[in-house]
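# Geometric and topological summary
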Amino acid sequence: MARAFLFVLDSFGVGGAPDAAAYGDEGADTLGHIAEFCAAGAGDRAGLRSGPLSLPNMSELGLMQIARSASGQFPAGMPVPEKIYGIYGAATEISRGKDTPSGHWEIAGTPVSFDWGYFPIEGDAFPAEFIDALCKEAGVPGILGNCHASGTEIIARLGEEHIRTGMPICYTSSDSVFQVAAHELHFGLDRLLAFCQIARRLLDRYNIGRVIARPFIGQSASTFQRTGNRRDFSVLPPEPTLLDRLVEHGRRVHAVGKIGDIFAHQGISRVIKANGNDALMDASLSAIDEAEDGDLVFTNFVDFDMSFGHRRDVPGYAAALEAFDARLPEVHKKLKPGDLVVLTADHGCDPTWRGTDHTRERVPVIAYGPGIRSRSIGVRRSYADIGESIARHLGIPAGPHGRSFL
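Residues numbered from 1 in each chain as written. Predicted model: local features only at pLDDT ≥ 70, side-chain atom pairs only at ≥ 80, totals over all residues. Heavy atoms only, no water.

### What to know about the overall build of the chain
- When helices and strands are tallied, the chain shows 13 helices and 14 strands.
- Relative to the compact-globule value of 22 Å for 406 residues, the chain shows a C-alpha radius of gyration of 21 Å, a close match.
- C-alpha extents for the chain along the principal axes are approximately 60 × 50 × 40 Å.
- Within the span of the chain, comprising 406 residues, buried residues form 59% of the whole.
- For the chain, the proportion of contacts with a sequence separation of at least 24, taken over those separated by at least 6, is 69%.
- Side-chain charges in the chain split into 40 positive and 50 negative, and the spacing between the mean points of these groups amounts to 3 Å. (Helix = DSSP H or I, 4+ residues; strand = E, 2+ residues; numbered from the N terminus. Rg over C-alpha atoms; globule rule 2.2 N^0.38 Å. Buried < 20%, exposed > 50% of the residue type's maximum accessible area, 1.4 Å probe, protein only. Contact = heavy atoms within 4.5 Å. Lys, Arg positive; Asp, Glu negative; His and termini not counted. Charge placed at Lys NZ, Arg CZ, Asp CG, Glu CD.)

### As for the domain arrangement of the chain
- Examined at the domain level, the chain breaks down into domain 1 (3-114 + 238-394) and domain 2 (128-234).
- Its C-alpha centre places domain 1 at a distance of 28 Å from the equivalent point of domain 2.
- With 17 residues of domain 1 at the interface, the matching set in domain 2 holds 14 residues.
- Roughly 1,200 Å² is buried in total at the junction of domain 1 and domain 2, and carbon and sulfur atoms are behind 47% of that figure. (Domains from an automatic or database assignment. Buried area = accessible area lost by both parts, 1.4 Å probe.)

### Focus: the nonpolar core
- One finds Leu296, Val331 and Ile390 to be the most contacted residues of the largest nonpolar core, which totals 86 residues.
- Ranked by residues supplied to this core, first place goes to helix 12 (residues 314-334) with eight residues.
- Excluding residues within four positions of it along the chain, Val331 makes contact with Phe7, Met281, Leu285, Ile288, Val341 and Tyr368.
- Membership of the second largest hydrophobic core comes to 26 residues, among which are Ile143, Phe178, Val180 and Leu193. (Core = buried A, V, L, I, M, F, W, Y, C linked by side-chain atoms within 4.5 Å.)

### Considerations on the packing of aromatic side chains
- For the structure on display, the rule yields 12 aromatic pairs.
- Taking the centre distance of 5.0 Å and the plane angle of 75° together, the rings of Phe301 and Phe324 count as edge-to-face. Of this pair, Phe301 sits in strand 11 (residues 296-301) while Phe324 sits in helix 12; the two residues are 23 residues apart in sequence, bridging distant segments of the chain. For the pair formed by Phe301 and Phe324, the shared burial category is buried. (Phe/Tyr/Trp six-rings, centres within 6.5 Å; stacked < 30°, edge-to-face > 60°.)

### Focus on helix 7 (residues 184-203)
- Given a rise of 1.5 Å per residue, 20 residues ought to cover 28 Å, yet the end C-alpha atoms of helix 7 are separated by just 24 Å, more than 12% below that figure.
- At Arg191, helix 7 is bent by approximately 55°, the largest bend along its length.
- Along helix 7, the residues that are buried comprise Glu184, Phe187, Gly188, Leu192, Leu193, Phe195, Cys196, Ile198, Ala199, Arg200, Leu202 and Leu203.
- In the core, the buried residues of helix 7 are packed alongside helix 5 (128-138), helix 6 (151-165), strand 4 (169-172), strand 5 (177-183), strand 6 (210-217) and strand 8 (231-234). (Expected span 1.5 Å × (residues − 1). Bend = angle between axes of the 7 residues up to and from the residue.)

### As for the packing of helix 1 (residues 30-39) against helix 12
- Viewed as axis vectors pointing N to C, helix 1 and helix 12 meet at an angle of 105°, and their least axial separation amounts to 10 Å. Taken together, the axes of helix 1 and helix 12 are roughly perpendicular relative to one another. Across the interface between the two elements, Thr30, Ile34, Phe37 and Cys38 from helix 1 touch Val314, Tyr317, Ala318 and Leu321 from helix 12.
- Partitioning the contact of helix 1 with helix 12 into residue classes produces seven nonpolar, one polar and no charged. (Axes fitted to C-alpha atoms, helices over the stretch in contact; angles between N-to-C directions. Parallel < 35°, antiparallel > 145°, perpendicular 65-115°, else oblique. Nonpolar A, V, L, I, M, F, W, Y, C, P; charged D, E, K, R; others polar.)

### Some details on the layout of surface pockets
- Volume-wise, the largest pocket comes out at about 460 Å³.
- Secondary-structure elements contributing two or more residues to the lining of the largest pocket are helix 7, strand 6 and helix 11 (303-309).
- The element that contributes the greatest number of residues to the lining of the largest pocket is helix 11, accounting for three residues.
- For the lining of the largest pocket, a count of residues per class yields seven nonpolar, eight polar and nine charged.
- Each of domain 1 (3-114 + 238-394) and domain 2 (128-234) contributes no fewer than three residues to the lining of the largest pocket. (1 Å grid on protein atoms, 1.4 Å probe; cavity = no way out; pocket = protein on both sides within 12 Å on 5 of 7 lines; lining within 4 Å. Points joined across faces, edges and corners; volume = space filled by probe spheres on them.)

### Brief notes about the side chain of Asp99
- Residue placement: Asp99 occurs in the loop between strand 2 (87-91) and helix 4 (100-107).
- At 2.9 Å, the side chain of Asp99 forms a polar contact with the backbone nitrogen of Ser102.
- Look past the residues within four positions of Asp99 in its chain and what remains in contact with it is Trp116, Asp175, Asp346, His347 and His358. (Polar contact = N/O pair within 3.5 Å; in protein donor to acceptor, adjacent residues only side chain to side chain.)

### What to know about the environment of Arg226
- Relative to the helices and strands, Arg226 resides in strand 7 (residues 225-226).
- Residue Arg226 is classed as partly exposed on the basis of its relative accessible area of 21%.
- Taking the C-alpha atoms as reference points, Arg226 and Pro364, 138 residues apart in sequence, are found 29 Å from one another.

### Comments concerning empty space enclosed by the protein
- According to the stated counting rule, one finds two cavities of 30 Å³ or more in the structure shown.
- Considering the residues around the largest cavity, the lining is formed by 24 residues, among which Gly151, Gln179, Arg214, His310 and Thr356 are closest to the centre.
- Listed by contribution, the elements that provide at least two residues to the lining of the largest cavity are helix 6, strand 5, strand 6 and helix 11.
- Here the element with the most residues in the lining of the largest cavity is strand 6; it accounts for three residues.
- For the lining of the largest cavity, the per-class residue count stands at six nonpolar, nine polar and nine charged.

### A few points about the pairing of strand 9 (residues 253-256)
- The alternating pattern of strand 9 places Val253 and Ala255 and His254 and Val256 on opposite faces, both of which are buried.
- Relative to strand 11, strand 9 is paired through four bridges, and the arrangement is parallel. Its bridge partner being in strand 11, Val256 is matched across the sheet by Thr299.
- Summarising the sheet, strand 9 and strand 10 (residues 270-272) pair through three bridges and their orientation is parallel. Within strand 10, the residue paired with His254 across the bridge is Arg270. (Pairing = 2+ DSSP bridges.)

This is the structure in structure tokens:
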């Protein structure tokens, strides 16, 4: 009997992507640069953390060897354990993008072979005909923003005008995404979600991957803060994923965090919402207790990316990694014979890199569980090998992409 637990540390890249230069990311290395900054004292923050980056549990599962295989060197200041207790390797993304849906879909055995639509950097970001149709159907007087921006920055800059005018704040990034920030009380959460659903339908013709609702609260630039009621409205994956195949074979997929939204709620048996990495870990541990033979628990730990990567916050990212690592023994204690845990990421978001966007990087692949022999699996040619390994572990037929490392 087998169960699988797939944890995505959102944006925890390990550098070394062979095509990074094509994305303007040559040299980006999320793990490597966080470790380098921490070793030099640039990852210290009073009351939060200090000293070299310390990830003893993931290191004993092969993280140091993964970093060297992906980028050519061990992370600075981090000890290399003498013995490794897991399957370890790195994976290269073959999907055409460095965004959340592409990364997750490829992890689930379905790479993205087409080009997403993107919005221009110069001038107005969004087509006038789209904005006109959106405002008319949604019954709003107009929009604010209409540009590339950091989410926290644009809320601070335009939040008060949004409250005063009733116009939602619309912005994008280098990803294929249309993001909408609106006040939960003054604009209304339900109204924001309805606005985003209209935008999702109208943007299908532009091949935009996601529409994201970004609700916030507060009354002024100094007090605005985003809430945990974010919603992602994604297009459907281009073909059945591992999740669809599991459900088709009578298995259950427990989607923790934003996994349900990323897969447009296709191939999902149960959605478990939680806000913040600690709450996501708590929810994952509960799901492990409830998972039956043949089930998959699939969690996205979003804080690494949303709260620290995009905000270029090295101490915050380092502290979040250390907190996650410290809780891994809680996962170990839940495991039964036949269980498989996989730790990976969907892309990079190097907090030392220019700008605020994702970075094209390889990702770690760590797999372990009772009775699983420790060994290196090298650098995999696609994230899809992760999904195919889980498919094999759970005893369903192989898909058309990827190759199991089990």
